[in-house]
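# Examining the three-dimensional arrangement
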Amino acid sequence: ITHIYSITITMQGIYNPPNTHFRMFHIEDKFIPHIGRIIGKEGRHFIRLTKQCRVEYIWFQEGKQYIEIWGPEDKLINAEELITKHMKTTLSQCI
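The structure contained in this document is the topic of the report that follows.

Reading guide: rules and limits
Residues numbered from 1 in each chain as written. Predicted model: local features only at pLDDT ≥ 70, side-chain atom pairs only at ≥ 80, totals over all residues. Heavy atoms only, no water. Helix = DSSP H or I, 4+ residues; strand = E, 2+ residues; numbered from the N terminus. Buried < 20%, exposed > 50% of the residue type's maximum accessible area, 1.4 Å probe, protein only. Expected span 1.5 Å × (residues − 1). Contact = heavy atoms within 4.5 Å. Salt bridge = Lys/Arg side-chain N within 4 Å of Asp/Glu carboxyl O.

## Structural notes on unusual backbone geometry
Notably, Arg 54 is not glycine yet its phi reads approximately 60°, a positive angle. For Arg 54, the location among the structural elements is in the loop between helix H2 (44-53) and strand S2 (57-61). Looking at Arg 54, the relative accessible area reads 61%, which means it is exposed. Backbone geometry at Gln 65 places phi at a positive 55°, although glycine is not the residue there. Here Gln 65 shows up in the loop between S2 and strand S3 (66-70). The partly exposed category is assigned to Gln 65, whose relative accessible area is 22%.

Right, dumping it as structure tokens:
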């Protein structure tokens, strides 16, 4: 079973967050045109960030311009910071 935005993957593109702590943050408009590269092919970057941040689930909420992070409460702020850093790096490579 696999999910493209998480370590535990169920079905590609199906929203299925775990029952754990949650944090979400808004994405600036400038990142939206590059969201595919930010997430990565088949979720590669989100999967890597999920593991690196030691959280359970990262999801981009299309149409609402925010990213959700699910996992241990003490990991959520750091995960947001690393995801934001990744987004800025990706954007700088696109410009």
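## Brief notes about helix H3 (residues 76-94)
Residues spaced three or four apart along an α-helix face the same direction, because each turn holds 3.6 residues. When the terminal C-alpha atoms of H3 are compared, their 27 Å separation across 19 residues agrees well with the 27 Å that a helix rising 1.5 Å per residue should span. The elements touched by buried residues of H3 are strand S1 (22-26), helix H1 (35-39), H2, S2 and S3.

## Observations concerning the pattern of salt bridges
Counted according to the given criterion, the structure contains two salt bridges. Note that Arg 23 and Glu 80 form a salt bridge whose closest N and O atoms lie 2.5 Å from each other. A residue pair is termed long-range when its members are at least 10 positions apart, and Arg 23 in strand S1 and Glu 80 in helix H3 qualify at 57 residues. A salt bridge links Lys 30 to Glu 28; the nearest nitrogen and oxygen atoms lie 3.8 Å apart. Taking the relative accessible area as the measure of exposure, Glu 28 reaches 42% and is therefore partly exposed.

The values reported here are purely geometric and, on their own, carry no functional implication.
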